[in-house]
Each structure stands twice: as C-alpha cells, then as structure tokens.
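Report on the structure
Read off the chains here:
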Amino acid sequence: MIPFLDMKARHAPLRQEFLDAIAKVIDSGDFSGGAPVADFEKDFATYCGTAHAIAVGNGTEALWLTLLAMGIGPGDEVITVPMTFIATVEAIFMAGATPVFVDIDERTYTMAPEALESALSERTKAIIPVHLFGQIAEMEPILAFARKHGLRVIEDAAQAHGAEYKSSKAGAHGDAGCFSFYPAKNLGALGEGGAIVTGNADLADKLRMLRNHGQSRKNHHPVMGWNSRMDSIQAAVLRIKLRHLDSENRSRRGHARFYEAGLADLHGVTTPGCAVDRTHVYHLYVIRVRMREMIKDELAGKGISCGVHYPVPVHLQPACAGLGFRSGDFPISERCGEEFLSLPMFPELTQQQMGCVIQAVKQAIPACNAA
Ligand SMILES: *Cc1c(COP(=O)(O)O)cnc(C)c1O
C-alpha cells in the first residue's frame, strides 16, 4: 500500500517535541493569540523575508481578509485563474467582488501573464496569482502589469511555502501573500491555520484589526471585523515545523527528480515543468495523462493512492453558474482538469515506494493506449 500522503510518517519524528510544546501552552493558559502566535508570526515573517506576518484562522480567511483590508468589495473585479482550489475564488465572492479569470500557462500551470490584458476593465482592482502545486507564478510581468494599471497583487501561496522566484520566497513578491496551514500543506498545523505576509505596515495593522473583531484596543472597534485568530497550540506546533520546512522541501525536490528520471521518457506522460528562475516545492507532483481515470484505477488496484487536483476548473463549478462561463472558455485549464493526476508526494516517501509507482504507471500506460 502506498498512500497519497502518509500523515503518520510525517509527524512521528516530531511527536515528543509537539507534546512538550502543547504542554507548555496548556500550562500558560494562553490559548488564543498571545505570545505563541506572536513568536510564530515573527519567525514566519523572517522566513518569508517580509516585515510582517499576521496569523489567522485558515488560508481562505487570509485571502478574504486581505481583500477586505484593501477595501476591495462590491463593484470591483479581481483577476485570478480558474485552475485553483475553489477557496481563491470563494474569498473574492465573500468580499462581494467579482472574479475574472485568465487561463494558465501550459508548462508551469500558473497564471499566463500575457492573458491579463484581455481581462482588464475599469473595475479591476487586484490580481491573485496562484502558486499552483508549489511553483511560484511568473511574478515579474504580473507585477509590471499591476503597477502599470494601479492594481494590487495578492499571492495565493497556500501551496508554496518556501518556494522561490528569482531568489525571493513565496509571499514576498506582491502587496501581500496568503498562506494556509491546513495539515496536508507543505507547512501544516495539527488542525487549521493561515497567515498573511506583507511589507506594508498599514495593511498589516488593518489585518490585525480585522482578524480580531475590528478591534484596535480593548473595547474599541473602529471597523466591523471577524474572529479569525490563530489558536496558540497551532502556533506552537507550526513554529517547530517551520524549522524543518526547508529540508522537507529539499526531500520533495529530490523525489520529483526521481519521478522525472523514471517517467520523463515515457510516451503518453507529461511530467511537471519548472521554469529556470524558480524553485519548486512540489506540494503536489502532478503529471498529465490521457484516460486519467483508467490509469488512476489501475494504480488503485495495486494499492497506490493518487489524487486529482483539480478535475473541474472553478469557472465550470455549479457555484459559479451565475457568472455565465461555459466549457471552452479556458481551454488549457479545462484540458489539464481532464489530464492531471497527482502521484504520491510527501517528504518521507521512499525510493522503493516511488519505484513501485513508476512501475505501475509504466504498466498502465500501454493498457490505456490500447483501449
Ligand atoms: C488550501 C488552499 C487554500 C485555502 O486554505 P484553507 O486553509 O484550507 O482555508 C487556498 N488556496 C489554495 C490554492 C489552496 O490550496
């Protein structure tokens, strides 16, 4: 049996350290916000190379609160990609703004900057590039376009903790970078969590207010906010896990090279591309194959669990029906949705396990070509 993600293996070596940190939080009685959260924020900002980090309840709220803090709402348009987890688009909806989509690049699966021009309108206020699967979007042309048209840039970095583009980390490129610490992410809590990083002190202050009921000091609420505080146990755990993030990302890159060596020459398989100016952190290792469902079932029959991220691009989800998109609007995202297959990927994966996966894919491909 080869799991898609082995959570037990992920946490076994750090178990005692977690228990000690959790015991400390219990003894302190400081369960929400407080010192553990402030300490984690400091570490995470330093790690990302930004002046500020604001911890929040989850990644979806990180995106939503950032839009609110920027004053983006009804009547405004926000450009993003349809090939993403739905949370990117939910945040735009929940802020009251309208999502406008541009397709992805065929090789990196991130936002195609040349498509931005056609999505621009007088109402456009921001761009949310998504660092899909662990690779940062092509930020330079996106930032240049944003500067030219006076738009804000919010990085959806929920899948890209520690990834680099031209030597700067995910989250450090735009006006703000939003992260999720959902357990399965590269930096995952033992529960829910999220954060925003930014170099903008004013934006950071607004976010600190918004995540805590719009409160600037006790019993004083200049704006309506929300409760999106991180709990202290998650902050204490994340602080420990952050110290291991770089070495885990290196393991993921090593695994990607191993898969690449085994699969690159195989007719009918497209392995993930990474642009030369970027460091991929392989949150997911996603290949493209024809007859994906059949191959996925073949692998499942051999005890190998795969995932599909994401079979239906957001513009074709029933929740977006009101926007009036149809099939054919974003052809690259749609084709990728049919062909993407996520192979097992986590730092503790062994070469023996990957060898089995490669073997099983090799056996499944001819069967699929014959069908
Ligand atoms: C996971 C994820 C989110 C949402 O994060 P949550 O913590 O689950 O709310 C947003 N965007 C992308 C691309 C994600 O993968």
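A brief look at the structure comes next. These numbers were taken from a predicted model, which means no experiment stands behind them.

1. Re the sheet that holds strand β12 (residues 285-289)
Strand order in the open sheet made by the three strands is β10-β12-β13, with antiparallel pairing throughout. With one partner strand each, in any of the chains shown, β10 (269-270) and β13 (340-343) form the two edges of the open sheet. The pairing of β12 with β13 spans four bridges and is classified as antiparallel. Within the sheet, the bridge partner assigned to Tyr 285 lies in β13 and is Leu 343. Each of β12 and β13 touches helix α12 (residues 331-339); the most contacted strand, β12, lies at about 95° to it.

2. Remarks on the sheet that holds strand β7 (residues 168-169)
The strand order across the open sheet formed by three strands is β7-β6-β11, and the pairing between neighbours is antiparallel. The outermost strands of the open sheet, each flanked by one partner alone, are β7 and β11 (278-279). Pairing of strand β6 (residues 164-165) with β11, which is carried by two bridges, proceeds in the antiparallel orientation. Residue Glu 164 lies in a different strand from β11, and its bridge partner there is Thr 279.

3. Re the environment of Ala 146
Looking at the element boundaries, Ala 146 is found in helix α7 (residues 139-149). In this structure Ala 146 comes out as buried when scored by relative accessible area, which is 3%. Measuring from C-alpha to C-alpha, the distance between Ala 146 and Ala 126 comes to 7.7 Å, with 20 residues separating the pair along the chain. In this structure, Ala 146 is in contact with Ile 127, Leu 151 and Val 153, ignoring residues within four places of it in sequence.

4. Comments concerning the site of the ligand
Neighbouring the ligand are 14 residues, the closest being Gly 59, Thr 60, Asp 156, Ser 180 and Lys 185. At 2.8 Å from an oxygen atom of the ligand is found a main-chain nitrogen or oxygen belonging to Gly 59. For the ligand, an oxygen atom lies 2.6 Å from a polar atom in the side chain of Lys 185. Compared with its free state, where it exposes 380 Å², the ligand has 93% of that area covered by protein. Of all the secondary structure elements, the ones that give two or more residues to the shell around the ligand are α4 (59-69) and α5 (87-94).

5. Comments concerning the pairing of strand β2 (residues 77-80)
Side chains Glu 77 and Ile 79 project from β2 onto one buried face, and the interleaved Val 78 and Thr 80 project onto a second face that is buried too. Pairing analysis gives four bridges linking β2 to strand β3 (residues 98-101), with the strands arranged parallel. Directly across from Val 78, in β3, lies its bridge partner Pro 99. Taking the sense of rotation as the criterion, the β-α-β connection linking β2, α5 and β3 turns out right-handed. When β2 meets strand β4 (residues 124-127), the two strands line up parallel, connected through three bridges. Within the sheet, the bridge partner assigned to Glu 77 lies in β4 and is Thr 124.

Calculation criteria
Residues numbered from 1 in each chain as written. Predicted model: local features only at pLDDT ≥ 70, side-chain atom pairs only at ≥ 80, totals over all residues. Heavy atoms only, no water. Pairing = 2+ DSSP bridges. Helix = DSSP H or I, 4+ residues; strand = E, 2+ residues; numbered from the N terminus. Contact = heavy atoms within 4.5 Å. Axes fitted to C-alpha atoms, helices over the stretch in contact; angles between N-to-C directions. Buried < 20%, exposed > 50% of the residue type's maximum accessible area, 1.4 Å probe, protein only. Near = heavy atom within 4 Å. Polar contact = N/O pair within 3.5 Å; in protein donor to acceptor, adjacent residues only side chain to side chain. Areas by Shrake-Rupley, 256 points an atom, 1.4 Å probe, with all protein chains shown as cover. Right-handed = clockwise from strand over helix to strand, strands pointing away.

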